[in-house]
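Coordinate inspection notes
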Amino acid sequence: MAVAVITGAAGGIGAGLAREAARRGMQVVLADRDADALAQVAAGIGAAALAVPTDVTDAASVEALAEAAYATYGQVDLLFNNAGVLTTGFSWEIPADKWQQSLDVNVTGILNGIRAFVPRLLAADRPARIINTASVGGFLPSPLMAPYSVTKFAAVALTECLAGELKIVKSPIEVSLLAPGPVKSGIFREAPPGVAEQFHRAMVDLLEANGLTGDEFAPLVFDAIKRGEYWIIPQPGAFEPGFSNRNAGIAERRPPQFFLVEED
């Protein structure tokens with residue numbers, strides 16, 4: 001029976017992925033720093049779920065997650081490095097600790113997952129897949145979301161580097177980059193003060209109006225995994241127009257344009 005390990009599994013995308021994995025007959029190892037919410041998700045899944053409270057910013061904590069997964073099931077087939085945070089505001093006003101939190105969770109969290117699991121996956125020498133969650137925002141930077149844009153761009157680059165390195169060592173491990181569009185979750189829970197609050201409210205409203213639930217989103221991801229896709233972009237309507245325009249703008253050396261900024 002296949003085993004999926006999912007970080008950020010206490011809500012949103014991660015919880016949806018966990019429930020979908022269980023529906024598809026997998027054992028699931030759920031990781032999140034919110035132990036209470038994690039236990040609730042695991043209880044809803046039942047015997048197929050193992051909850052392991054984990055802080056992805058702490059390498060020792062992620063190492064303990066890997067140890068628990070292998071001690072319990074003896075294998076890992078899917079690793080979702082999914083945990084993420086988002087902070088809004090002007091880049092010069094966002095506190096240093098919030099910038100650091102974004103870097104620690106969104107980038108170092110993925111790196112810690114890679115460092116804990118890849119050596120074990122290589123030793124097993126059997127097919128497996130690592131899925132790193134970036135975002136449409138990992139291709140389309142947004143004002144007032146600088147920490148998120150910066151770290152999700154980094155997640156895209158790290159994932160491509162990992163895929164290339166695994167090819168170099170001729171590993172059977174495959175890699176995917178997951179780039180969600182709007183998905184309903186608690187990621188916009190912290191509202192900034194001042195002018196940026198309007199942007200924050202607009203994004204929350206947009207998410208509620210157009211976002212998929214985690215349970216609606218997850219089957220799209222697993223279907224893409226089944227097809228063996230590297231680029232998993234389940235909501236192309238939120239990606240293609242902006243991505244095409246950005247690529248054309250770079251090719252033509254046009255300055256960036258942003259939907260929030262009124263041009264003079």
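Our structure's up above, just so we're on the same page.
Within each chain, residue numbers correspond to sequence positions counted from 1 in written order. Thresholds applied to this predicted model are a pLDDT of at least 70 for local features of residues and 80 or more for the giving and counting of side-chain atom pairs; totals over whole chains, interfaces and linings are not thresholded and use all residues. Here the side-chain values reflect all heavy atoms present in the structure, with hydrogen atoms and water set aside.

Things to note about the packing of aromatic side chains
Pairs were defined over the aromatic rings of Phe, Tyr and Trp, the Trp ring being its six-membered one, requiring ring centres within 6.5 Å. Orientation was assigned from the angle between planes: stacked under 30 degrees, edge-to-face over 60, tilted for the rest. Tallied over the full model, the rule gives 7 aromatic pairs. For the ring pair F139 and F243, a centre distance of 5.7 Å and an interplane angle of 85 degrees mean the geometry is edge-to-face. One end of the pair, F139, is in the loop between β5 (128–133) and α5 (146–168); the other, F243, is in helix α8 (residues 240–251), with 104 residues separating them in the sequence. The buried label applies to any residue whose accessible area, calculated with a 1.4 Å probe on protein chains only, is under 20% of its type's maximum; exposed applies above 50%, and partly exposed to all values in between. F139 gets classed as buried once you look at its relative accessible area, which sits at 10%. Here F243 falls in the partly exposed class, since its relative accessible area comes to 25%. Seen from their ring centres, Y230 and W231 are 4.8 Å apart, and the 85 degrees between their planes marks the pair as edge-to-face. According to the relative accessible area criterion, W231 is partly exposed, its value standing at 40%. Among the aromatic residues, those joined into a cluster by ring pairs are F139, Y230, W231, F239 and F243. Per the convention used, a helix needs a DSSP run of H or I reaching at least four residues, while a strand needs a run of E reaching at least two, with both numbered from the N terminus.

Describing the nonpolar core
Nonpolar cores are built from buried Ala, Val, Leu, Ile, Met, Phe, Trp, Tyr and Cys residues. Side-chain atoms within 4.5 Å join them into one set. Counting residues in hydrophobic clusters, the biggest one holds 39 residues, and the most contacted among them are V5, F117 and L121. Put simply, the parts of the chain that give this core at least two residues each are β1 (3–7), β2 (27–32), α3 (59–73), α4 (96–124), β5, α5 and β6 (173–178). Ignoring any residue separated from it by four or fewer positions in sequence, one finds L121 in contact with Y70, V76, R126, A128, I130 and I173. A10, M26, L78 and A218 belong to the second-largest nonpolar core, a separate cluster that totals 30 residues. Any two residues having at least one pair of non-hydrogen atoms within 4.5 Å are treated as being in contact.

Some details on the side chain of T54
By the element assignment, T54 lies in the loop between β3 (49–53) and α3. Taking relative accessible area as the criterion, T54 reaches 4% and is therefore assigned buried.

Quick look at α4
One less than the residue count of a helix, multiplied by 1.5 Å, gives the span that helix is expected to have. Relative to the 42 Å expected for 29 residues at 1.5 Å per residue, α4 spans 41 Å between its end C-alpha atoms, a close match to the ideal helical length. Backbone geometry just after α4 places D125 at a positive phi near 50 degrees.

Focus: the sheet that holds β1
Reading across the sheet, the 7 strands line up as β3-β2-β1-β4-β5-β6-β7 and stay open at both edges, with parallel pairing between neighbours. Both edges of this open sheet fall to β3 and β7 (231–232), since each of them pairs with a single strand only. Two strands make a pair as long as DSSP finds a minimum of two bridges between them. In the sheet, β2 pairs with β3 via 5 bridges, with the strands oriented parallel. Each residue of the ladder has a partner; that of A31, found in β3, is V52. Think of each axis as a best-fit line through the C-alpha atoms, taken over the contacting stretch in the case of a helix, with angles from 0 to 180 degrees between the N-to-C directions. Packing against the sheet, α3 makes contact with β1, β2 and β3, and its axis sits at approximately 155 degrees to β3.

Brief notes about the environment of I6
For I6, the position within the fold is in strand β1. Not counting residues up to four positions away in its chain, the partners in contact with I6 are G14, L17, A18, V29, L30, A31 and F80.

A short note on the pattern of salt bridges
Note on definitions: salt bridges are taken to be side-chain nitrogens of Lys or Arg within 4 Å of carboxyl oxygens of Asp or Glu. Overall, the coordinates contain 10 salt bridges when judged by the stated rule. Linking D223 and R24 is a salt bridge whose minimum nitrogen-to-oxygen distance equals 2.9 Å. Of this pair, D223 sits in helix α7 (residues 214–226) while R24 sits in the loop between α1 (12–23) and β2, and the two are 199 residues apart along the sequence. Note on D223: relative accessible area 31%, which makes it partly exposed. The salt bridge involving D77 is made with R126; its shortest N-O contact spans 2.9 Å.

Fair warning: the whole summary comes from geometry, so function is off the table for now.
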